[in-house]
Amino acid sequence: AGRRAASAVAAPVRSALVRHFTSAATAAATSSSGSARRAVALFAAAVGSAGAGACAYRWYFAAAEVEAEDDVELPPVPEPARRFVHPYEEWPWYKRTWFTIKRSVFLAWVFAPFMRASAC
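So, how was this worked out
Residues numbered from 1 in each chain as written. Predicted model: local features only at pLDDT ≥ 70, side-chain atom pairs only at ≥ 80, totals over all residues. Heavy atoms only, no water. Helix = DSSP H or I, 4+ residues; strand = E, 2+ residues; numbered from the N terminus. Buried < 20%, exposed > 50% of the residue type's maximum accessible area, 1.4 Å probe, protein only. Contact = heavy atoms within 4.5 Å. Areas by Shrake-Rupley, 256 points an atom, 1.4 Å probe, with all protein chains shown as cover. pLDDT = per-residue confidence, 0-100. Patch = residues over 30% accessible without salt bridge, like charges linked within 9 Å, V, L, I, M, F, W, Y side chains within 5 Å. Salt bridge = Lys/Arg side-chain N within 4 Å of Asp/Glu carboxyl O.

## What about the overall build of the chain?
For the chain, the helix and strand inventory stands at 4 helices and 0 strands. Burial analysis of the chain (120 residues in total) assigns 8% to the buried set. If you take every contact in the chain between residues at least 6 apart in sequence, the share linking residues at least 24 apart comes to 52%. Carbon and sulfur atoms provide 67% of the accessible area of the chain, an area that totals close to 10,300 Å².

Structure follows, in structure tokens:
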């Protein structure tokens, strides 16, 4: 379904681009050779961009279909036997205070360039 939708969308866009740029190329060819080269280069860029967009569109929907098929259902994880206590909660107050100060200084040092840049 996704590929048919991509083809249905890409075909009118592609034909409109071809009509537009071929008429521009023929009009430019009658005026001068420099502008004709420019028109041909623009036409090639437009066709390349349209092709890349169509390929990306098709790839996106093909990947979405594959991801939908690969759903894996995991068994539920059992609850732990006893209540979990984080090691930080078991530390004495002076060790927690030292850790907090040390961590605050470290984070201030790491993010100081960002704070300085945003203050300017």
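## Considering the confidence of the model for the chain
Mean pLDDT over the chain works out to 79, with 72% of the residues at or above the 70 mark. Helix α4 (residues 93–119) holds the highest mean pLDDT among the elements of the chain, 94, whereas helix α1 (residues 2–31) holds the lowest, 62.

## Considerations on a nonpolar patch on the surface
Taken together, Phe 106, Leu 107, Trp 109, Val 110, Phe 111, Phe 114 and Met 115 make up a surface patch of nonpolar side chains, about 780 Å² in accessible area. With respect to the element layout, Trp 109 can be found in helix α4.

## Observations concerning the environment of Phe 99
Residue placement: Phe 99 occurs in helix α4. Here the alpha-carbon distance between Phe 99 and Tyr 88, two residues 11 residues apart in the chain, equals 9.3 Å. If we ignore the near neighbours within four places in the chain, the residues touching Phe 99 are Tyr 88 and Trp 91.

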